[in-house]
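Geometric and topological summary
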Amino acid sequence: MDLKRIFFITLFFGGTVLFAENYLINGGQESQINYLMVQKIEPARGTKKLLMSYVVPTSFGSPTYQQRISKYNIIFSERPNSRRDYIDDRGNKIVRVVWNRPRKPIETTISIQAQNTTSLKALETMASFPIRSMPVEIQAYLASTSQTPANDPMILSTARKLTRDSETVFDAVQNILAWVVDHMTYVLIPQQYDAMYSFQTGKGNCQNYSHLSASLMRAVGIPARIVNGVTLKEPYEIETPRGTFTMKMAQGRHSWIEVWFPDLGWVPFDPQQTALYVSNRFIRIEVGVDNDDTSNDGLVRWSMSRGYRGKPGFEELIHADFKRDQVKLLAERQDWGPAKLLFYPEVQSEYTRSLAQVQYSAVQTVSPQEMNNASFNHKSVTGNLEFPENISFIETRGPATSVESENPEDEELEMRKNFLVETAEYVTTQGTQYAQTFILNEPTKLESAALALHKFGGSGQLWLELYKDDGNGKPGEYISTSEYMPVKRMPQSQGYSWIDFAFGNGTPPLSPGRYWLALGFTGSPVINWFYTYGKSVGPIDGTRYKTLFDDTWNRSLTFEFNYRITGLTP
């Protein structure tokens, strides 16, 4: 766990922290969704053959999440030369179409109606661990692969250590998942997507979370399979005694897992923050042993005539219209579980309720006299710094890789779907203000604060307001305001970039502690602020917003905005 996350609790103390952000959740979601995906592909000049592959979403049921699909339709703007419909070894319904020597842009439109329900009542599972027997078709999901190396000695050792005292499957699974949640920090573009990279670095995106969780579970004989699908950006709220959590996913490709219980069957988990369920904002499409195995949906393959090189242009747009949406979710924090955010339904089973223990170093207090006498001459940069700069999320696709061709004279290449999604919030909507916390470990003379923003248009001005924390995890006493940023001076780029807001000499040096940056604006700017899933460097309640109807900042967001603090320290 990043030590900065617990700084606000342990500012003047040293030792071991006992701290949990595990929430028991109950209630449900029920929605009727009209879903539409439009793929536009521009064949490169000299394309000899173009193949597209799709997986048909099907109905699925589990104790917590149900997906009922109707009115599936797929339309091609140009009639393909051939089409093959089949079911693969994992039960996925696949449509493969081929165009010979395509010359025109091709548009594929996929539409479905999804009746999605998440029901979070108390679950009962008494399946004993280790699992003694299982059907043959389930055993395939114990496989060790390059992306899920369940037989790697380090994976085996860790999994056995985490589950050595477990007597039920649920106990083993929740111990593994709690470890993954605390071990991992989300990054949108990791260097690799396999479980060992995540195990060794503690970083990754949804593929990494899924591969690492599945590897650890398979290592101790618990079947786990990878699910690929789409998440929808429609937000929803979870009420807690401490305030409101607003949950939101990006609209785009996502990877999660399903775990097999002898007495429950397949149950979905999103290892980033939910156990035994996923939100009904998930559209389930394809399953397999790893993300190499779940590559049929969104696959593009082509070959070129001799003397030509290139790759097709590709765009993918997703739309979702919620015709009906009923949400009532209540959660209460527990005094056990992981230190990072995780939601569980109530479970009746035999399991341990261990509490995360975190070692940290004490932070020194600084007296006013020491602050006045300090010489600020060391440059300091801190914050949630990792995000993809100046990338178009509509046009981005996986790299082109060579594949074996039926004709040895042809060079055949393919691009697979990727999981690079635009995680951003529209933060200049009228009547709503957003704030992000940051924590200073030493005295700092603030020079500037930068936000990862994308200007879509509009006019007016932006600025940042600096506040102290009120001691309860909310913006408190006002300190100062940054210089104003005219919207017309912001770059009009294809993606997100750092926008710096300067703080002048009127801002006093800041002592170690917790502070807030709140975004203000005038006029009608259309601005998105990029965010990271989870809390990369800050506390769970460190991203907040309020509306005109709120007296205080009592609404928390489960993600963390990308920000950069630049200043001078002694």
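So, here's what we can say about the structure.

Evaluated as defined, the whole model comprises 26 salt bridges. A salt bridge links Glu414 to Arg301, with the shortest nitrogen-to-oxygen separation between them at 2.5 Å. With Glu414 in strand β25 (residues 412–415) and Arg301 in strand β18 (residues 299–304), this pair connects stretches of sequence that are 113 residues apart. Taking relative accessible area as the criterion, Arg301 reaches 19% and is therefore assigned buried. Arg555 is the salt-bridge partner of Asp550, the closest N and O atoms lying 2.9 Å from each other. The two residues Asp550 and Arg555 agree in class, both being buried. A single network of salt bridges, built from pairs that share partners, joins Asp292, Arg301, Glu412, Glu414 and Arg416.

Across the 7 residues that make up strand β34 (residues 526–532), a large majority, 6, are buried. The sheet contact formed by strand β26 (residues 424–426) and β34 spans 3 bridges and is antiparallel. Residue pairing for β34: Glu425 is matched across the bridge by Trp529. Pairing geometry for β34 and strand β37 (residues 560–561), over 2 bridges, is antiparallel. Bridge pairing in β37 places Thr532 opposite Glu560.

Counting residues in hydrophobic clusters, the biggest one holds 104 residues, and the most contacted among them are Ile222, Phe261, Phe269, Leu276, Leu453, Leu462 and Leu466. The element best represented in this core is helix α3 (residues 169–183), accounting for 8 residues. For Leu453, the residues in contact, after removing those within four places along its chain, are Leu462, Met490, Gly495, Tyr496, Ser497, Ile499, Phe501, Ile527, Asn528 and Trp529. Val95, Val97, Phe314 and Leu413 belong to the second largest nonpolar core, which has 19 residues in total.

The next subject is the sheet that holds strand β16 (residues 265–269). Pairing is antiparallel across the open sheet formed by 4 strands, whose spatial order is β16-β15-β12-β17. A strand with exactly one partner marks an edge of an open sheet, and here the two such strands are β16 and β17 (282–288). Sheet twist, expressed as the mean angle between neighbouring strand axes with direction ignored, is 35°. Bridging between strand β12 (residues 224–231) and β17 involves 6 bridges; their strand directions are antiparallel.

The next point concerns the packing of aromatic side chains. One pass over the structure, following the stated rule, counts 28 aromatic pairs. Seen in terms of ring centroids, Tyr23 and Phe245 are 5.3 Å apart; in terms of plane orientation they differ by 85°. Their pairing is edge-to-face. One end of the pair, Tyr23, is in strand β2 (residues 22–42); the other, Phe245, is in strand β14 (residues 243–247), with 222 residues separating them in the sequence. Phe245 carries the same exposure label as Tyr23, and that label is buried. Following the ring pairs from residue to residue traces out a cluster consisting of Tyr186, Tyr434, Trp529, Tyr531, Tyr533, Tyr545, Phe559 and Phe561. Across from the ring centre of Trp336, 6.0 Å away, lies the NZ or CZ of Arg353, which sits over that ring. For the cation-ring pair, Arg353 lies above Tyr351, with the distance from its terminal atom to the ring centre recorded as 4.1 Å.

Turning next to the environment of Arg544. Looking at the secondary structure, you find Arg544 in strand β35 (residues 543–547). A C-alpha to C-alpha distance of 24 Å links Arg544 and Gln326, two positions 218 residues apart in sequence. Beyond its immediate sequence surroundings of up to four residues, Arg544 is in contact with Gln433, Tyr434, Ala435, Gly473, Lys474, Pro475, Trp516, Trp553, Asn554, Arg555 and Ser556. Only 3.4 Å separates the side chain of Arg544 from the backbone oxygen of Asp541, close enough to count as a polar contact.

Rules behind the numbers
- Residues numbered from 1 in each chain as written.
- Predicted model: local features only at pLDDT ≥ 70, side-chain atom pairs only at ≥ 80, totals over all residues.
- Heavy atoms only, no water.
- Salt bridge = Lys/Arg side-chain N within 4 Å of Asp/Glu carboxyl O.
- Helix = DSSP H or I, 4+ residues; strand = E, 2+ residues; numbered from the N terminus.
- Buried < 20%, exposed > 50% of the residue type's maximum accessible area, 1.4 Å probe, protein only.
- Pairing = 2+ DSSP bridges.
- Core = buried A, V, L, I, M, F, W, Y, C linked by side-chain atoms within 4.5 Å.
- Contact = heavy atoms within 4.5 Å.
- Axes fitted to C-alpha atoms, helices over the stretch in contact; angles between N-to-C directions.
- Phe/Tyr/Trp six-rings, centres within 6.5 Å; stacked < 30°, edge-to-face > 60°.
- Lys NZ or Arg CZ within 6 Å of the ring centre and 35° of its normal.
- Polar contact = N/O pair within 3.5 Å; in protein donor to acceptor, adjacent residues only side chain to side chain.

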